[in-house]
Amino acid sequence: MLAVMRDLATEGWTMLVVTHEMRFAQQVADQALFLDGGVVVERGAPRDVLGNPQEERTKRFLQRVLDPL
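This structure is a prediction, so every number in the text was calculated from the model and none was measured.

The rules we used
Residues numbered from 1 in each chain as written. Predicted model: local features only at pLDDT ≥ 70, side-chain atom pairs only at ≥ 80, totals over all residues. Heavy atoms only, no water. Helix = DSSP H or I, 4+ residues; strand = E, 2+ residues; numbered from the N terminus. Buried < 20%, exposed > 50% of the residue type's maximum accessible area, 1.4 Å probe, protein only. Contact = heavy atoms within 4.5 Å. Pairing = 2+ DSSP bridges.

A. Representation of the environment of Gln 26 in the model. By secondary structure assignment, the location of Gln 26 is in helix H2 (residues 22-28). Residue Gln 26 is classed as partly exposed on the basis of its relative accessible area, which comes to 37%. The spacing of Gln 26 and Met 5 is 21 residues in sequence and 13 Å in space, taken between C-alpha atoms. Once residues within four sequence positions are removed from consideration, Gln 26 is found in contact with Pro 46, Arg 47, Leu 50 and Gly 51.

Structure below.
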């Protein structure tokens, strides 16, 4: 499924995707939003939101998802 979505993104399709697949989101998305309790906590380029988050809530979530042990 990720390969199909990647192909669609390459073809210029607009998609709204909710995922915990951070690496996929970083590779394909032009924007990333981090939501907590239905509220946007952080928004920006995937490399910024996922690679260098500014908000503490985003940092804690990514730490748990990317390093679950």
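B. Inspection of the pairing of strand S2 (residues 39-44) at higher detail. Here strand S1 (residues 32-36) runs beside S2; their pairing, made up of five bridges, is antiparallel. Directly across from Phe 34, in S2, lies its bridge partner Glu 42. Where S1 folds back onto S2 in an antiparallel hairpin, the turn is made up of two residues, including Gly 37, whose phi is positive at roughly 65°.

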